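# Structure at a glance
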Amino acid sequence: MDIDHNCPNCKTEPETIMHAIWFCKRAKDVWNIWSPAKNISPDNTWTSKDLLLQAYTLLNKHDLSIFLTLIWLIWNNRNCMIFGRHVKASAQLPDWALGRTGATDQRWIPPRNDCYIVNVDAGFDEEHGSADVSIGEAVAIRDGVSLALEANFTPFIIRSDAKVVVDYFNSNIKSWNEVALLAADCSLLGNNNQCLGYHFVSRNVNRVAHMLARKALVENCSEHIWVESVPSDISHIVMADISFIFY
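Rules behind the numbers
Residues numbered from 1 in each chain as written. Predicted model: local features only at pLDDT ≥ 70, side-chain atom pairs only at ≥ 80, totals over all residues. Heavy atoms only, no water. Helix = DSSP H or I, 4+ residues; strand = E, 2+ residues; numbered from the N terminus. Buried < 20%, exposed > 50% of the residue type's maximum accessible area, 1.4 Å probe, protein only. Contact = heavy atoms within 4.5 Å. Areas by Shrake-Rupley, 256 points an atom, 1.4 Å probe, with all protein chains shown as cover. pLDDT = per-residue confidence, 0-100. Expected span 1.5 Å × (residues − 1). Salt bridge = Lys/Arg side-chain N within 4 Å of Asp/Glu carboxyl O. Core = buried A, V, L, I, M, F, W, Y, C linked by side-chain atoms within 4.5 Å. Pairing = 2+ DSSP bridges. Axes fitted to C-alpha atoms, helices over the stretch in contact; angles between N-to-C directions. Arc of directions from axis to C-beta.

### Details of the overall build of the chain
Within the chain, the regular secondary structure consists of 10 helices and 3 strands. Across the 247 residues in the chain, those meeting the buried criterion constitute 42%. Here the analysis covers contacts within the chain between residues at least 6 apart in sequence; of these, 65% occur between residues at least 24 apart. Of the accessible surface of the chain, which amounts to about 14,600 Å², a share of 54% is contributed by carbon and sulfur atoms.

### What about the confidence of the model for the chain?
The predicted model of the chain has a mean per-residue pLDDT of 84, with 89% of residues at 70 or higher. Per-element averaging of pLDDT across the chain places helix H5 (residues 93-101) at the bottom with 73 and helix H1 (residues 17-23) at the top with 94.

### Structural notes on helix H8 (residues 178-189)
Here H8 is 12 residues long and its end C-alpha atoms lie 17 Å apart, about the 16 Å a rise of 1.5 Å per residue gives. Along its buried surface, H8 packs onto helix H6 (133-150), helix H7 (163-170) and strand E3 (195-200).

### A word on the pattern of salt bridges
When their charged atoms lie close together, side chains carrying opposite charge are able to pair. Per the stated rule, a full pass over the model turns up 7 salt bridges. In this structure, Asp 185 engages Arg 142 in a salt bridge whose closest nitrogen and oxygen atoms are separated by 3.7 Å. One end of the pair, Asp 185, is in helix H8; the other, Arg 142, is in helix H6, and 43 residues separate them in sequence. Residues Lys 215 and Asp 233 are paired through a salt bridge, measuring 3.0 Å at the closest nitrogen-oxygen approach. With a gap of 18 residues between them, Lys 215 in helix H9 (residues 207-219) and Asp 233 in the loop between H9 and helix H10 (235-243) connect regions that are remote in the sequence. Each of Arg 142, Asp 143 and Asp 185 takes part in a single network of salt bridges with overlapping partners.

### Some remarks on the nonpolar core
One finds Trp 22, Trp 31, Trp 34, Leu 51, Phe 67 and Leu 70 to be the most contacted residues of the largest nonpolar core, which totals 32 residues. Per-element tally for this core: the top contributor is helix H4 (residues 61-82), with 7 residues. Residues Ala 140, Val 145, Cys 195 and Tyr 198 belong to the second largest nonpolar core, which totals 23 residues.

### So, the sheet that holds E3
By definition, the strands of a sheet pair up through backbone hydrogen bonds, in either a parallel or an antiparallel sense. Within the open sheet, the 3 strands sit side by side as E1-E2-E3. Their pairing is parallel. Pairing within the sheet leaves two strands with one partner each, and these edge strands are strand E1 (116-120) and E3. With direction set aside, neighbouring strand axes in the sheet form an average angle of 20°. The pairing of strand E2 (residues 156-160) with E3 spans 5 bridges and is classified as parallel. Among the inter-strand pairings, Arg 159 is bridged to a residue of E3, identified as His 199. Against the sheet, H6 makes contact with E1, E2 and E3, and its axis sits at roughly 155° relative to E2, the strand it touches most.

### Comments concerning helix H3 (residues 48-58)
Among the residues of H3, Leu 51, Gln 54 and Ala 55 are the ones counted as buried. Each buried residue of H3 lies within a common arc of 100° when the element is viewed along its axis, so the set occupies one face. Seen from the open side of H3, the exposed residues pointing more than 90 degrees away from its buried face are Lys 49, Tyr 56 and Thr 57. Buried residues in H3 make contact with H1 and H4.

### Section: unusual backbone geometry
Working note: non-glycine residues mostly have negative phi, and peptide bonds are mostly trans. Cis geometry is adopted by the peptide bond preceding Pro 155, which originates at Thr 154 and carries an omega value of -5°. Mapping Pro 155 onto the fold places it in the loop between H6 and E2. With a phi angle near 60°, Lys 11 is a residue other than glycine that sits in the positive phi range. Among the secondary structure elements, Lys 11 is positioned in the segment before H1.

Structure (structure tokens):
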């Protein structure tokens, strides 16, 4: 029997544990997205034990839990490819890791070089009454998808701090309600190569979208678009997010 010892993902290098979880192109796509990984610099002589020891030495408890979860997700993706199951996009794994660890990341995570991030949020006027929260958050997601496609910001990932709505958009079980219709709209607007997924993030990671939603509510405006500029009253939040790129 002729056994292929090459990596089932890249098919160019012999598969070792270190290759599968770090050096393979698919693994590197994940580590390039998650900024704390740049503090770890293994070479080809390392074993997986060496990698774990350096991670334990350099990362704080929060980042270490995410790091270990990412290793599991990368290995699980490898197994899914071999056995013909669904393989998650590399860009989705850092958000999946955050969700599985139950961690609330305080940092905005920039997208990979060939992808855009569209953060969305909805504003609600509790004093004078407003739309159902789930419907409003679903409309924000639909508008984010529409705007990204109109501006040709593809491929892209939608990020929202409305966990129930994000979970609904990602569910294969749909019911006949307003949120279901909005999710169906998004499926019709763009294909899987354009919209790579819907991710939940904490409010801390979604502060710019949250503040813009409140700003639109207070100013009672239907649409404002800023290109290569930032409203002065949220510039400090934008700069705080940008600073994490150099973390």
